[in-house]
Amino acid sequence: STPEHKGQDRVLASLPYVLEKIPNAVYLVVGGGTDERVNAVLRKHPELANSVIFAGPAPDDERVDFYNLGDVYILPAKYEGFSIVFIESLACGVPVVASDAYGCREGLLDGELGRLVPPDDLRAIADAIVLILDKKAPGPLLDREYLRRRTLEIYGMDAWDMRVKNLVELLCAPGMMTRNAA
């Protein structure tokens, strides 16, 4: 059996549904490696060849450029957990579609910062993509400035510094060392 990766095969398999509503949509896949499941979907749907671009690995100094090319970042991985790519995408103001489990829910603040979908539901993946591309997503998911600001409030360096400071103060509180030693 092939290990689970990022879910690009499921995005590709949902693409025919997306193209019914948005015929000029293009799926840009950035990253290295190969996945036979992706190739299998492309063999089954050769018409997708004109709607998919495989850019290969992105050098660190070009990652922000790739995020900013997109209208939506899609990662319906089953076992991704909390992923830094969500924060990177959101910090660029790009809406996220992600799996509704395995840590993604927490990282996207239960859907405040991204659209959560069951990772095996191709129609739900397609519907979430279409909602964002059609500019009909509810809440602040289409507000790039809100996504940037809120992401930095939660995950930015100031928030990190405050968490570390609070942890150090907690650990250094009177009596903490004797409580932990017992």
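Treat the numbers as computed from the prediction; the structure is a model and nothing was measured.

**Things to note about the packing of helix α1 (residues 8-21) against helix α6 (residues 122-133)**
When two helices pack together, their arrangement is given by the angle between the helix axes and by the axis-to-axis distance.
Link 1 in the chain: Contact geometry for α1 and α6: axes closest at 8 Å, N-to-C directions at 55°. In terms of axis orientation, α1 runs oblique to α6. By crossing handedness, the relation of α1 to α6 is classed as right-handed. Along the contact surface, α1 presents R10, A13, S14, Y17, V18, E20 and K21, while α6 presents L122, R123, I125, A126, I129 and V130.

**Side note on unusual backbone geometry**
Link 1 in the chain: One non-glycine residue, L109, adopts positive backbone phi at about 50°.
Link 2 in the chain: Tracing the backbone shows L109 in the loop between α5 (104-107) and β5 (114-117).
Link 3 in the chain: Judged by relative accessible area, L109 falls into the partly exposed class, the value being 24%.
Link 4 in the chain: Within the chain, K135 stands out as a residue other than glycine whose phi angle is a positive 60°.
Link 5 in the chain: By the secondary structure assignment, K135 is in the loop between α6 and α7 (144-155).

**Examining the pattern of salt bridges**
Any two side chains of opposite charge can pair, on the condition that their charged atoms come close.
Link 1 in the chain: Inspection of every chain in the model, using the stated rule, returns 9 salt bridges.
Link 2 in the chain: Notably, a salt bridge pairs D35 with R37, separated by 3.0 Å at the nearest N-O pair.
Link 3 in the chain: A relative accessible area of 9% places D35 in the buried class.
Link 4 in the chain: A salt bridge links D120 to K78, with the nearest nitrogen and oxygen atoms 3.0 Å apart. Note that D120 is positioned in the loop between β5 and α6 and K78 in the loop between β3 (73-75) and α4 (84-91), a separation of 42 residues in sequence.

**Examining the layout of surface pockets**
If a probe as big as a water molecule is rolled over the atoms, it shows which places are left empty.
Link 1 in the chain: By volume, the largest pocket is sized at about 1200 Å³.
Link 2 in the chain: Lining the largest pocket are 44 residues; nearest its centre among them are Y27, L28, V29, V30 and Y73.
Link 3 in the chain: At the level of secondary structure, the elements contributing two or more residues to the lining of the largest pocket comprise α1, β1 (27-30), α2 (36-44), β2 (52-56), α3 (63-69), β3, α4 and α6.

**Considering the pairing of β1**
As a general feature of sheets, a regular strand has side chains that alternate between the two faces.
Link 1 in the chain: Because side chains alternate across β1, one face comprises the buried residues Y27 and V29, and the other comprises L28 and V30, none of which is buried.
Link 2 in the chain: Where β1 meets β2, 4 bridges bridge the pair, whose relative direction is parallel. Across the sheet, L28 pairs through a bridge with I53, a residue of β2.
Link 3 in the chain: This β-α-β element, β1 to α2 to β2, shows right-handed connectivity.

**Here we look at the confidence of the model for the chain**
Link 1 in the chain: Model confidence for the chain is summarised by a mean pLDDT of 87, while 92% of its residues fall at 70 or above.
Link 2 in the chain: Across the chain, element-level confidence peaks in α6 with a mean pLDDT of 97 and bottoms out in helix α9 (residues 176-181) with 57.

**Points about the environment of D71**
Link 1 in the chain: If you trace the backbone, D71 turns up in the loop between α3 and β3.
Link 2 in the chain: In this structure D71 comes out as partly exposed when scored by relative accessible area, which is 45%.
Link 3 in the chain: Here D71 is in contact with V94, P95, I132 and L133, once residues within four sequence places are set aside.

Definitions and limits used
- Residues numbered from 1 in each chain as written.
- Predicted model: local features only at pLDDT ≥ 70, side-chain atom pairs only at ≥ 80, totals over all residues.
- Heavy atoms only, no water.
- Axes fitted to C-alpha atoms, helices over the stretch in contact; angles between N-to-C directions.
- Helix = DSSP H or I, 4+ residues; strand = E, 2+ residues; numbered from the N terminus.
- Parallel < 35°, antiparallel > 145°, perpendicular 65-115°, else oblique.
- Left-handed = near helix turned anticlockwise from the far one by under 90°.
- Contact = heavy atoms within 4.5 Å.
- Buried < 20%, exposed > 50% of the residue type's maximum accessible area, 1.4 Å probe, protein only.
- Salt bridge = Lys/Arg side-chain N within 4 Å of Asp/Glu carboxyl O.
- 1 Å grid on protein atoms, 1.4 Å probe; cavity = no way out; pocket = protein on both sides within 12 Å on 5 of 7 lines; lining within 4 Å.
- Points joined across faces, edges and corners; volume = space filled by probe spheres on them.
- Pairing = 2+ DSSP bridges.
- Right-handed = clockwise from strand over helix to strand, strands pointing away.
- pLDDT = per-residue confidence, 0-100.

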